[in-house]
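This is what each chain is made of:
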Amino acid sequence: MATIDFRRALRLYGAWTAQTDGKKITYQRGEAEAASHGLLLLGRSVDDGIIECSVSLPEPSDNSGAFVVFRASGQENYYAAGLGGWDGAYTLLEGHHLSWTRLSSAGAISNLEAGRAYNLKLALDGQRLQLIVDDVKVLDFSRLSRTGGAGIGLLAFRGCPSAEFGPMKIDDRRPNAFIAMQFSEPYNEVYRDAIRPLVEEIGYEPLRVDEISQPGIILNDIWTQLTEASVVIAEVTEANPNVYYEIGVAHALKKPTVLLAQKGTKLPFDLGPHRCIFYENSIPGRARLLDALRASLGAVLGISVSKADA
């Protein structure tokens, strides 16, 4: 995960002071009656992925709040999730400049401990946000709209005299593995028991066309998912034209590709020169498939994916 340097933050509102090493930053309300809320944006972006940040409120009270900003399109539109927010302990809000709408909250702000550094983890996946605080999931919201931005930053309500943030780390997105295969048994079983667990084990996100939920033209979805994939795994036991099409697109895009087929399968002429893992569809066979697939993925991706590393 990449660590944020707060010295490079763009301060829009409020008084902010970064530590000399840039790992932490403090919002201070100021003494003026019209002291501003605090808002800053960072020169980094996250669409889907993980944002982690330590946050503390030295004096939590009603209408105080310290939040991590995400999916920002400048200050015009953004989301923010974090500590406090009106009377809640943990809040998700939608912001437009310095005006906000509360989308979800949990707990009572009276239960926040003054000065305690809470570790916030924001897990973003499409329209879903999960807010995890000190390893406990406190919010799970699945109705985010696309704001058109992916910027990140920090927000502090002027109801808190001060708020402290950092260190902050981001992980944009797990790399994707596109799975091309026939959607029926016994291939679904091979996917559930072998392909998907191994792909997730090595830190990749498995993508299968039948699991794409957003509306749209299916060929556009296929092209988009293949374009964004880091590797393609294709099960070619059946002479499925859709799978062949996806392999053709993968090869046109020069994607690393691993082929799988049950023993006894005769490959088409055009696929004959490509390395293929032949497996038996049985419990021992799937165990051997896992080992062979692990080795092949390590070879085509240039990474270590041995059992010892899992």
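Note: the structure precedes this text.
Residues numbered from 1 in each chain as written. Predicted model: local features only at pLDDT ≥ 70, side-chain atom pairs only at ≥ 80, totals over all residues. Heavy atoms only, no water.

**Thoughts on the overall build of the protein chain**
To be explicit about the condition: The numbering of helices and of strands both runs from the N terminus, where a helix is a DSSP run of H or I of at least 4 residues and a strand a run of E of at least 2. Here the term buried applies to any residue with accessible area under 20% of the maximum for its type, exposed to any over 50%, and partly exposed to those in between, with areas from a 1.4 Å probe on protein chains only. Contacts between residues were defined by any pair of non-hydrogen atoms, one from each residue, lying within 4.5 Å. Using the Shrake-Rupley algorithm and a 1.4 Å probe, accessible areas are obtained, with residue cover drawn only from the displayed protein chains. Asp and Glu count as negative and Lys and Arg as positive, but His and the ends of the chain are not part of the count. All charge positions are set by atom: Lys at NZ, Arg at CZ, Asp at CG, Glu at CD.
When helices and strands are counted, the protein chain shows four helices and 20 strands. The dimensions of the protein chain, computed from C-alpha atoms along their principal axes, are 80 × 40 × 35 Å. Taken across its 310 residues, the protein chain has 47% of its residues classed as buried. In the protein chain, the share of contacts with a sequence separation of at least 24, taken over all contacts with a separation of at least 6, comes to 61%. Split by element, the accessible area of the protein chain, about 14,800 Å² in all, is 48% carbon and sulfur. Measuring between centres, the 31 positive side-chain charges of the protein chain sit 4 Å from its 37 negative side-chain charges.

**A short note on the pattern of salt bridges**
Test applied: Here, a salt bridge means any side-chain nitrogen of Lys or Arg that lies within 4 Å of a carboxyl oxygen of Asp or Glu.
Under the definition given, this model contains 15 salt bridges. For aspartate 134, the salt bridge is made with arginine 116, and the minimal N-O distance between the two is 2.6 Å. Taken together, the residues aspartate 134 in the loop between strand E12 (128-133) and strand E13 (136-141) and arginine 116 in the loop between strand E10 (99-108) and strand E11 (118-125) connect sequence positions 18 residues apart. Exposure remark for arginine 116: the relative accessible area of 33% places this residue in the partly exposed category. A salt bridge links arginine 294 to glutamate 201; the shortest N-O distance between them is 3.2 Å. In this pair, arginine 294 sits in helix H4 (residues 283-301) while glutamate 201 sits in helix H1 (residues 187-201), placing the two residues 93 residues apart along the sequence. Here arginine 294 falls in the buried class, since its relative accessible area comes to 9%. Taken together, the shared-partner salt bridges in this structure form one network comprising Glu113, Arg116 and Asp134.

**Remarks on the environment of isoleucine 247**
Tracing the backbone shows isoleucine 247 in helix H3 (residues 241-252). Judged by its relative accessible area of 2%, isoleucine 247 is buried.

**A look at the pairing of strand E3 (residues 15-18)**
Inclusion rule: Only strands joined by at least two bridges in the DSSP assignment are considered to pair.
Summarising the sheet, E3 and strand E4 (residues 25-28) pair through four bridges and their orientation is antiparallel. Residue alanine 18 lies in a different strand from E4, and its bridge partner there is isoleucine 25. In sequence, E3 turns back onto E4 through a hairpin of six residues, with glycine 22 there showing a positive phi of about 80 degrees.

**A short note on H4**
Our working definition: Take the number of residues in a helix, subtract one, and multiply by 1.5 Å to get its expected span. In protein, a polar contact requires one atom able to donate a hydrogen and another able to accept it; more generally it is a pair of N or O atoms within 3.5 Å, and residues adjacent in sequence count only if both atoms are side-chain atoms.
Given a rise of 1.5 Å per residue, 19 residues ought to cover 27 Å, and the 27 Å separating the end C-alpha atoms of H4 matches this to within 8%. Among the residues of H4, those classed as buried are Gly285, Arg286, Leu289, Leu293, Arg294, Ser296, Leu297, Gly298 and Leu301. In this structure, the buried residues of H4 make contact with H1, strand E18 (229-235), strand E19 (257-262) and strand E20 (276-279). The distance from a side-chain oxygen at the start of H4 to the backbone nitrogen of glycine 285 is 3.0 Å, and the residue carrying that oxygen is serine 282.

**Details of the environment of glycine 38**
Mapped onto the elements, glycine 38 comes out in strand E5 (residues 38-45). Its relative accessible area of 0% is what places glycine 38 among the buried residues. Not counting residues within four places of it along the chain, the set of residues in contact with glycine 38 comprises Tyr13, Gly14, Trp16, Tyr27, Leu154, Leu155 and Ala156.

**Concerning the nonpolar core**
The following threshold applies: Side-chain atoms within 4.5 Å link the members of a nonpolar core, which is a set of buried Ala, Val, Leu, Ile, Met, Phe, Trp, Tyr and Cys residues.
Judged by nonpolar contacts, the single largest core of 43 residues is most densely connected at Ile51, Phe70, Leu122, Ile152, Leu154, Phe165 and Met168. If near-sequence neighbours (up to four positions away) are discounted, leucine 122 is found in contact with Gly49, Ile50, Ile51, Val68, Phe70, Ala81, Leu129, Gln130 and Leu131. Grouped together as the second largest cluster of nonpolar side chains are 22 residues, Met181, Ala194, Tyr279 and Leu301 included.

**Some thoughts on the packing of H1 against H4**
For clarity, the cut-off: Where helices are involved, their axes are fitted lines through C-alpha atoms of the stretch in contact, as for all axes, and angles between N-to-C directions lie from 0 to 180°. In a left-handed crossing the near helix is turned counterclockwise from the far helix by less than a right angle, and in a right-handed crossing that turn is clockwise. Three residue categories are used. Nonpolar comprises Ala, Val, Leu, Ile, Met, Phe, Trp, Tyr, Cys and Pro, charged comprises Asp, Glu, Lys and Arg, and polar comprises the others, including Gly.
As a packed pair, H1 and H4 sit with axes 10 Å apart at the nearest point and diverge in direction by 35 degrees. Between H1 and H4 lies a crossing whose hand is right-handed. Judged by residue contacts, Glu189, Val190, Asp193, Ala194, Ile195, Leu198 and Glu201 of H1 engage Arg286, Leu289, Leu290, Leu293, Arg294 and Leu297 from H4. Split into classes, the residues belonging to the contact of H1 with H4 amount to eight nonpolar, no polar and five charged.

**Looking at the sheet that holds strand E8 (residues 77-84)**
The strand order E2-E5-E14-E7-E8-E9-E10 describes an open sheet built from seven strands, whose pairing is antiparallel. In this open sheet, the two edge strands, each paired with only one partner strand, are strand E2 (10-13) and E10. If you compare each strand with its neighbour and ignore which way they point, the axes differ by 20 degrees on average. Note: E5 against strand E14 (residues 151-156), five bridges, orientation antiparallel. Looking at E14, one finds that leucine 41 is bridged to glycine 153.

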